[in-house]
Amino acid sequence: MPDMSASVSLAATDLVSLADLDQNKVTPGVLGFIVFAVMALAVWGLMKSMNKHMRKVDFKEPSDVQEETGRPADTAAPRG
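Parameters and conventions
- The written sequence of each chain sets the order in which its residues are numbered from 1.
- Only residues with pLDDT of at least 70 get local features here, since the model is predicted, and only at 80 or more are side-chain atom pairs given and counted; chain-wide, interface and lining totals rely on the full set of residues.
- Hydrogen atoms and water are omitted, and side-chain values are computed over all heavy atoms in the structure.
- Patches here are clusters of residues that have more than 30% relative accessible area and form no salt bridge, with a 9 Å joining cutoff for like charges and a 5 Å cutoff for nonpolar side chains (Val, Leu, Ile, Met, Phe, Trp, Tyr).
- Using the Shrake-Rupley algorithm and a 1.4 Å probe, accessible areas are obtained, with residue cover drawn only from the displayed protein chains.
- We define a salt bridge as a side-chain nitrogen of Lys or Arg found within 4 Å of a carboxyl oxygen belonging to Asp or Glu.
- Helix and strand definitions here come from DSSP, where helices need a minimum of 4 consecutive H or I residues and strands a minimum of 2 consecutive E residues; each element is numbered from the N-terminal end.
- Positive charges come from Lys and Arg alone, negative charges from Asp and Glu alone, with His and the N- and C-terminal ends not counted.
- To locate a charge, the coordinates of NZ of Lys, CZ of Arg, CG of Asp or CD of Glu are taken.
- Buried residues are those whose accessible area, probed at 1.4 Å on protein chains only, stays under 20% of the maximum for their type, while exposed residues exceed 50% and partly exposed ones sit between those limits.
- Every residue carries a pLDDT, the predictor's confidence in it, which falls somewhere between 0 and 100.

**Digging into a nonpolar patch on the surface**
Taken together, the side chains of V43, M47, M50, M54, V57 and F59 present a nonpolar region at the surface, about 650 Å² in accessible area. Relative to the helices and strands, M54 is located in helix 2 (residues 29–56).

**Some details on a positive patch on the surface**
Taken together, the side chains of K48, K52, R55 and K56 make up a positively charged region of the molecular surface. Position of K52 among the secondary structure elements: in helix 2. For K52, a relative accessible area of 46% gives the class partly exposed.

**Notes on the confidence of the model for the protein chain**
Note that predicted coordinates carrying low pLDDT should not be read in detail. Of the residues in the protein chain, 54% reach a pLDDT of 70 or more, and the chain-wide mean stands at 75. By mean pLDDT, the top-scoring element of the protein chain is helix 2 (95), and the lowest-scoring one is helix 1 (residues 2–19) (58).

Structure (structure tokens):
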């Protein structure tokens, strides 16, 4: 069973080396979180504004225009 203890000690040293922080590793950090949060808030604001503007749009189907005017939709608007 000496092979088992050697593999266990090797695995333990690998786990310890993984726990050490690598100073050369690049991470997003606090600045990355702040930038992401600002972008998320901007997208949320834009979606809210777009939703408000889309509610203001008065879109009528061609069949609705025909029912109101009594003539086909392509002749409902004056040409000129």
